[in-house]
Amino acid sequence: MKKIIIFDTTLRDGEQSPGCTMALEDKLRVARQLEELNVDVIEAGFPIASQGDFEAVNAIAKEVQRPQIAGLARCVEKDIDRCWEAVRDAKKPRIHIFLATSPIHMQYKLKKTPEEIIRDAVKYTKYAANYCENVEFSPEDASRTKSEFLHQIVEKVIEAGATTVNIPDTVGYAIPSEYGKMIRRIKENVLNINQAKISVHCHNDLGLAVANSLAAIENGADQIECTINGIGERAGNCSLEEIVMILDTRKKDLNVYTDIVLNQIYLTSRLVSISTGMIIQRNKAIVGENAFAHEAGIHQHGILSHPMAYEIMDPIKIGQKSVMVIGKHSGKHAIGAELKKAGYDINEKQLTAIVEMVKAHADRKKIVDEEDLRAIVKSVTNLSGEKGDVVKIDDVHILTGNKLIPSATIKFDIAGIKRTIAAVGNGPIDAVANAFAVIVPDMNIAEFEVKAISASSKGIAQVSITFKDKMKKQFAVVATNDDTILACVHAFLKGANRILREQE
Ligand code: KIV
Ligand code: ZN
């Protein structure tokens with residue numbers, strides 16, 4: 001199996017993207033974590049760009065030991081001098097120089113002829129090689145460079161001392177079949193290509209950075225330049241976690257491996273997200289919140305039967321875990337399993353009612369969290385009174401509004417005798433209280449509190465009532481429901497039964 005070198009440019013290309021700037025301490029923390037992740041090369045920054053960049057590269061070079069530490073430089077003496085100054089303290093330093101080779105960049109950006117470009121590329125590769133034996137050369141915008149010219153310049157820089165030649169798809173224009181062929185042709189046409197490693201650096205403007213990098217590996221590339229969470233200029237770079245997990249998941253077919261410590265992937269991704277302020281999209285492959293989350297009933301049932309039914313990677317491998325999201329698509333299997341896991345002993349009838357309530361609740365709130373689920377279970381198991389209760393409720397009808405008198409009509413089952421009570425009140429809750437007062441006259445309220453358990457108007461209401469019976473003895477009841485008024489009804493029901501029990 002061939003080893004693929006992982007060159008991480010989160011701290012250079014990644015940090016260059018709008019809004020991703022990191023302070024020195026953040027960069028050092030990320031670099032230390034990249035060392036834990038065991039990347040082969042850390043491109044720590046662009047030392048000429050600013051004093052801060054220089055200091056960060058230098059600090060990383062001094063502290064981070066295991067990976068090679070690279071700095072970026074244009075083909076300009078002062079850039080290379082500054083870059084060397086920044087990385088020279090590293091155990092394994094690398095100078096990475098670049099010069100554009102596509103017609104549009106040469107003519108309009110650099111205003112140089114192809115001959116001048118070759119001359120400068122050779123001159124500055126030699127200049128960098130005088131400092132450091134590890135020199136990478138990038139013909140910027142290589143994917144829009146004429147192939148003959150690309151082969152020529154690659155051969156010349158290897159001759160001049162480049163140990164790695166990087167073929168960037170700077171503007172994310174390439175498509176996998178064509179980019180793969182480009183790498184193959186370099187291998188076939190550049191005579192001294194065996195004296196250097198071939199690297200690829202793909203941007204994601206068309207969403208193809210990972211696919212192009214993979215095509216390059218299949219055609220002989222040795223090194224992948226990538227970033228954590230795929231951050232980078234414009235639409236970003238090839239995402240490290242995606243390419244590494246492709247190579248791991250399909251290693252038998254691809255016949256390659258990396259030295260990445262997979263169980264550090266998730267942690268690294270979180271750290272980079274926190275350090276840069278770049279939020280990871282929920283459905284991002286490998287590290288997104290939904291990457292190993294299952295809500296659909298059929299999928300949840302499949303996962304419970306055999307995880308590989310719907311998971312091609314073990315989430316534990318990357319430091320993540322599967323989550324069963326309880327929502328409107330969840331079925332009995334998953335909800336039952338979650339409740340069992342949480343220690344509830346629920347019968348089949350109650351489970352059916354809970355599933356119905358979960359779906360109704362999720363229709364409004366999307367996801368039912370642990371607290372919601374707990375409240376639903378509570379209200380379902382207490383819905384029509386507990387076992388042994390004297391008073392049960394068959395039906396509740398509440399009316400309220402600005403132009404009518406609030407009323408409550410409740411069909412009670414009192415020790416097997418059906419009674420329908422209708423009462424009015426100052427508001428719907430007062431109407432409910434008055435309806436209960438007809439069957440249990442001693443229900444005096446000492447304290448009354450309504451609160452939302454989840455922080456949203458779609459959450460679950462919790463009603464706590466402290467009652468005082470005719471002996472002035474106080475006791476409290478708590479009830480929860482999706483519906484605030486129904487939560488009150490349940491609280492009154494509990495109170496009524498408690499008073500009747502005590503009277504007995
Ligand atoms: O995208 C690019 O071409 C680069 C080079 C400096 C390698 O980032
Ligand atoms: Zn780039």
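Being a predicted model, the structure only gives us computed values, none of them experimental. (Residues numbered from 1 in each chain as written. Chains lettered and ligands numbered in written order. Predicted model: local features only at pLDDT ≥ 70, side-chain atom pairs only at ≥ 80, totals over all residues. Heavy atoms only, no water.)

1. Some details on the packing of aromatic side chains
(1) Moving on: Scanning all chains against the criterion turns up 8 aromatic pairs.
(2) Moving on: Centre to centre, the rings of Tyr127 and Tyr131 are 5.7 Å apart; their planes meet at 85°, and the pair counts as edge-to-face. Within this pair, Tyr127 and its partner Tyr131 are both found in helix H6 (residues 114-131), separated by 4 residues, close to a single helical turn.
(3) Moving on: Here the aromatic rings of Phe436 and Phe492 are separated by 5.6 Å at their centres, their planes lie at 25°, and the arrangement is stacked. One end of the pair, Phe436, is in helix H17 (residues 428-439); the other, Phe492, is in helix H18 (residues 484-503), and 56 residues separate them in sequence.
(4) Moving on: We classify Phe436 as buried; its relative accessible area is 0%.
(5) Moving on: Positioned over the ring face of Phe54 is Arg82, at 3.7 Å from the centre of the ring. (Phe/Tyr/Trp six-rings, centres within 6.5 Å; stacked < 30°, edge-to-face > 60°. Helix = DSSP H or I, 4+ residues; strand = E, 2+ residues; numbered from the N terminus. Buried < 20%, exposed > 50% of the residue type's maximum accessible area, 1.4 Å probe, protein only. Lys NZ or Arg CZ within 6 Å of the ring centre and 35° of its normal.)

2. Re the sheet that holds strand S13 (residues 391-399)
(1) Moving on: Spatially, the 3 strands line up as an open sheet ordered S13-S14-S15, and their pairing is antiparallel. Two strands close off the open sheet at either side, each with one partner strand: S13 and strand S15 (417-424). Going across the sheet, the axis of each strand differs from the next one's by a mean of 15°, ignoring polarity.
(2) Moving on: Looking at chain direction, S13 and strand S14 (residues 407-414) are connected through 8 bridges and run antiparallel. Across the sheet, residue Val396 finds its bridge partner in S14, namely Ile410. (Pairing = 2+ DSSP bridges. Axes fitted to C-alpha atoms, helices over the stretch in contact; angles between N-to-C directions.)

3. With respect to unusual backbone geometry
(1) Moving on: Positioned with a positive phi, Lys111 is a non-glycine residue whose angle comes to about 55°.
(2) Moving on: Phi at Arg234 takes a positive value of approximately 50°, unusual for a residue other than glycine.
(3) Moving on: Locating Arg234 in the fold gives a position in the loop between strand S9 (223-226) and helix H10 (240-249).
(4) Moving on: Assessed through its relative accessible area of 46%, Arg234 is described here as partly exposed.

4. Some thoughts on helix H12 (residues 265-276)
(1) Moving on: Given a rise of 1.5 Å per residue, 12 residues ought to cover 16 Å, and the 16 Å separating the end C-alpha atoms of H12 matches this to within 8%.
(2) Moving on: In terms of burial, H12 is a largely internal element, 9 of the 12 residues being buried.
(3) Moving on: The set of residues buried in H12 consists of Ile265, Tyr266, Thr268, Ser269, Leu271, Val272, Ser273, Ser275 and Thr276.
(4) Moving on: Its buried side turned inward, H12 meets helix H1 (10-14), helix H2 (24-37) and H10.
(5) Moving on: Following H12 by one or two positions, Gly277 adopts a phi angle in the positive range, close to 80°. (Expected span 1.5 Å × (residues − 1). Contact = heavy atoms within 4.5 Å.)

5. Here's the deal with the nonpolar core
Side chains of a nonpolar character, in soluble globular proteins, are inclined to be buried together.
(1) Moving on: If you look at the biggest cluster of nonpolar residues, it comprises 92 residues, and the most contacted ones within it are Ile167 and Ile265.
(2) Moving on: Discounting chain neighbours no more than four positions away, the residues touching Ile265 are Leu37, Glu241, Val244, Met245, Ile260, Ile286, Val287 and Ile318.
(3) Moving on: If you look at the next biggest cluster of nonpolar residues, it comprises 32 residues, including Phe436, Met443, Leu493 and Leu500. (Core = buried A, V, L, I, M, F, W, Y, C linked by side-chain atoms within 4.5 Å.)

6. Details of the coordination of the zinc ion (ligand 2)
(1) Moving on: Coordination of the zinc ion (ligand 2) by the protein is provided by Asp13 (OD), His201 (NE2) and His203 (NE2), with metal-donor distances spanning 2.0 to 2.1 Å.
(2) Moving on: When the donors of the zinc ion (ligand 2) are listed by position in the chain, the intervening gaps give D-x187-H-x1-H.
(3) Moving on: Taking relative accessible area as the criterion, His203 reaches 4% and is therefore assigned buried. (Donors = N, O, S within 2.8 Å, 3.2 Å for Na, K, Ca; no water.)

7. Thoughts on the pattern of salt bridges
(1) Moving on: Throughout the structure, instances matching the rule amount to 28 salt bridges.
(2) Moving on: Notably, a salt bridge pairs Arg74 with Asp79, separated by 2.8 Å at the nearest N-O pair.
(3) Moving on: Among the salt bridges present, the one from Lys284 reaches Glu241, with a minimum N-O distance of 2.9 Å. Placement of Lys284 in the loop between H12 and strand S11 (293-294) and of Glu241 in helix H10 is noted, with a sequence separation of 43 residues between them. For the pair Lys284 and Glu241, a shared accessibility class is recorded, and that class is buried.
(4) Moving on: Overlapping salt bridges bring together Lys3, Asp40 and Asp259 as one network. (Salt bridge = Lys/Arg side-chain N within 4 Å of Asp/Glu carboxyl O.)

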